Every structure is written in structure tokens, then in C-alpha cells.
Amino acid sequence: MTNDSKAMLIDTTKCIGCQACEQACKQIHGFPQEHEKFLSPTALTVVQERGDKFVRRLCMHCQDPACVSVCPVGALKKTAQGAVRYAGGKCIGCRYCMIACPFEVPKYEWSKLAPYVTKCDLCADRVLAGKPTACAEACPTGATLFGDRDDVLAEAHKRIAENPVYVRKIYGETEVGGTSIFYISDVAFEDLGLKTAPMSQPLPTLSAAALGEVPTVVLVGGSLLSGLYWFTQRRQAVAAAVADEKAARGFNDKQRS
């Protein structure tokens, strides 16, 4: 990513569960305004209650996104601004991105005749226009901070260093190779419903070796299957010829008699 890459810090100690971020997101996308508990085609970010804490969920915008690596048509792209954007016009509906995402973020418009995959795009058009994300702009407590990735990460480290109440870790800094969404918290991240151990290695690097073998597997497997098909068809043809020959002999014997 370039120095233009943006990121977001979600400080759960400051979140009061007001859902202003949710409503701002829904408003700019023209979605119904009711609160939803889980991510959906009409809820690209949600505020979830975890005991006496609140945590916001949205696309993590991974630095090396698994969803991008598995998309066969390039419908998903990691941009220089940090967002993972989706081009519905390219999408073929394979939903590989939904399977690949370690955070279970992309959702599918199952009820539509012409469905798309939906997910947060980090308000990419607003950011390109020099504005913050709608959710960050709407947050009344500073629980969501948006800005340059390096600055946001530095602020997260600063808050942790200055206040012992925080867990000594920034969630998203190293998970699956790093993301553009960071969390800091005064309770364990698993208590917030966040996956606690997505590995630090980017997922596409793990699949690259296996995917690299696909052409070989297809070629060898295809050759074997073709050979087996030919052999089976040949046996059937020989058996049919033998049967025809026997039938012809029987007919000729009858004619002679």
C-alpha cells in the first residue's frame, strides 16, 4: 500500500452503542434504517452488544485480501486508499469470496433476481473526495477514528502506552498479514466476538502453492480421465462388435438350415 492508504481505529472503550455509525452507513446507501444485529446485504456495519460492551463489525479491508485472491474475474480489488472494493458488473456470483474471507464479512443478496455480493467499501468515493467515512463522521464519542493508516496505527499504540486499562495489543495490526481496521479494547478480544487467532500470515500466500498446482492436476487428471473414457468406450465397442458378429453367424446358420 502507498502512503495514501487509509485506516480506521475502533476504540471499544469509547463506544456507547448509540448506532449512529450504523444509521449513517444505511443512510448513504439508501438502506432501511432499522438496527440489524448481524452483517447483511442491508447492514454493512453493525454495532453488537457483548455483555456491558459494544463492538462494531464491518469489513476488515485486509492488506492482502483472501477475497481478492480467489475472485476469478477480478470483481474485488484492494485499492491504494486501503479499501477492498467490489465491482458488481464483473461478478459471476460464484461466492468464492464469502468462503475465503476469514472474518465472514461478504454477504449475498439471495432474495434478488440479479444478486450482488455486499460489503463495506470504506466509503471509497467519499475518501477519494477528501472526506472521512460516514460512520467516522457520525460517531459522537470518538470511538471511530479515520485517517492515514500510519497515523491511525500510531494513535492506537499511543493510547495503549498511555493508559494501562487497554489490552496490550492492537487487533488487526498483524492478523492475516494486517488489515485497515484496528481495534483496541479493555477486555479480551474474544469477549467481543472477534476471532482471536487468525494467523499473522496473509491467507493468499498459503493458497498460492496449492492453486499453483491446479493446472498440473487438471492436466494429469484430465489425461487419466480421457484415457479411462477411451478404454471404456473401446471395450464397449469391441463387445458390441462381437455381439453383432455372433448375431450374424446365428442368422447365417438359420439361413443354411
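Here we summarise the structure given alongside this text.

Procedures and definitions
- Residue positions are given per chain, counted from 1 along the sequence in the order it is written.
- In keeping with the predicted nature of the model, local features appear solely for residues at pLDDT of at least 70, side-chain atom pairs appear and are counted solely at 80 or more, and the whole-chain, interface and lining totals rest on all residues.
- To obtain the side-chain values, all non-hydrogen atoms of the structure were used and water was disregarded.
- The criterion is simple. A nonpolar core is a set of buried Ala, Val, Leu, Ile, Met, Phe, Trp, Tyr and Cys residues joined through side-chain atoms within 4.5 Å.
- Here the term buried applies to any residue with accessible area under 20% of the maximum for its type, exposed to any over 50%, and partly exposed to those in between, with areas from a 1.4 Å probe on protein chains only.
- Numbered from the N terminus, helices here are DSSP runs of H or I no shorter than four residues, and strands are runs of E no shorter than two.
- Contact criterion: two residues are considered in contact whenever any of their non-hydrogen atoms come within 4.5 Å of each other.
- Each pair of strands is called paired provided DSSP finds at least two bridges between the two strands.
- Lines fitted to C-alpha atoms define the axes here, with helix axes fitted over just the stretch in contact, and angles between the N-to-C directions of these axes take values from 0 to 180 degrees.
- Salt bridge, as used here, is a side-chain nitrogen of Lys or Arg placed within 4 Å of a carboxyl oxygen of Asp or Glu.
- To estimate the expected span of a helix, subtract one from its residue number and multiply by 1.5 Å.
- Only Phe, Tyr and Trp rings are paired, with Trp represented by its six-membered ring, and only when their centres lie within 6.5 Å; those with planes under 30 degrees apart are stacked, over 60 edge-to-face, the remainder tilted.
- A positively charged side chain is recorded as over a ring if its NZ (Lys) or CZ (Arg) lies within 6 Å of the ring centre. The angle to the ring normal must also be within 35 degrees.

1. Re the nonpolar core
Among the nonpolar cores identified, the biggest contains 32 residues, and Met8, Leu58, Met60, Phe103, Tyr171, Ile181 and Tyr183 are the most heavily contacted of them. When contributions to this core are tallied by element, the ones reaching two or more residues are strand E1 (6–11), helix H1 (20–29), strand E2 (46–50), helix H5 (134–138) and strand E9 (181–184). With sequence-adjacent residues up to four places away left out, Leu58 is seen in contact with Met8, Ile10, Leu39, Leu44, Thr45, Val105, Cys120, Ile181 and Tyr183. In this structure, Leu9, Val152, Ala156 and Ile170 belong to the second largest nonpolar core, which totals 10 residues.

2. What to know about unusual backbone geometry
If a residue is not glycine, its phi is most likely negative; likewise, a peptide bond is most likely trans. We note that Glu104 has phi near 55°; this positive angle belongs to a residue other than glycine. With respect to the helices and strands, the residue Glu104 is situated in the loop between helix H3 (96–100) and strand E6 (107–108). Of note, Cys123 is a non-glycine position whose phi angle comes to about 45°, a positive value. One can find Cys123 in the loop between strand E7 (117–118) and helix H4 (124–128). For Cys123, a relative accessible area of 13% gives the class buried.

3. So, the sheet that holds E9
Pairing is mixed across the open sheet formed by 3 strands, whose spatial order is E8-E1-E9. The two strands at the open ends of the sheet, each matched to only one other strand, are strand E8 (144–148) and E9. Each strand axis lies, on average, 20° off the axis of its neighbour in the sheet, ignoring direction. Two strands pair when backbone bridges link them, and E1 and E9 are joined in this way by 4 bridges, in the parallel orientation.

4. Considering the pattern of salt bridges
Under the criterion given, the structure shown has 11 salt bridges. Lys6 is the partner of Asp148 in a salt bridge, and the nearest nitrogen-oxygen pair spans 2.5 Å. Remark: Lys6 occurs in strand E1 and Asp148 occurs in strand E8; sequence separation between them is 142 residues. A salt bridge links Glu137 to Arg126, with the nearest nitrogen and oxygen atoms 3.1 Å apart. Linking Glu137 in helix H5 with Arg126 in helix H4, this pair joins segments that are 11 residues apart in sequence. You can call Arg126 buried: its relative accessible area is 19%. Three or more residues are tied together by salt bridges with common partners; here these are Asp11, Glu155 and Arg159.

5. Description of helix H6 (residues 149–162)
Compared with the 20 Å implied by 1.5 Å per residue over 14 residues, the 20 Å span of H6 between its first and last C-alpha is a close match. Each element contacted by the buried residues of H6 is listed here: E1, E8 and E9.

6. Description of the packing of aromatic side chains
By the definition in use, this model includes 4 aromatic pairs. Aromatic side chains Tyr86 and Tyr116 sit 6.3 Å apart centroid to centroid with 75° between the ring planes, which places their arrangement in the edge-to-face category. Placement of Tyr86 in strand E5 (residues 84–86) and of Tyr116 in the loop between E6 and E7 is noted, with a sequence separation of 30 residues between them. The class for Tyr86 is partly exposed, based on a relative accessible area of 22%. For Tyr116, a relative accessible area of 40% gives the class partly exposed. Relative to Phe189, the ring of Tyr171 lies with its centre 5.4 Å away and its plane at 40°, an arrangement referred to as tilted. Within this pair, whereas Tyr171 is found in the loop between H6 and E9, its partner Phe189 is found in the loop between E9 and helix H7 (203–212), the two being separated by 18 residues in sequence. Taking the relative accessible area as the measure of exposure, Tyr171 reaches 1% and is therefore buried. Given a relative accessible area of 5%, Phe189 falls into the buried group. What links up through ring pairs into an aromatic cluster is the set Tyr171, Tyr183 and Phe189. Against the face of Tyr108 rests Arg95, its NZ or CZ located 4.8 Å from the ring centre.

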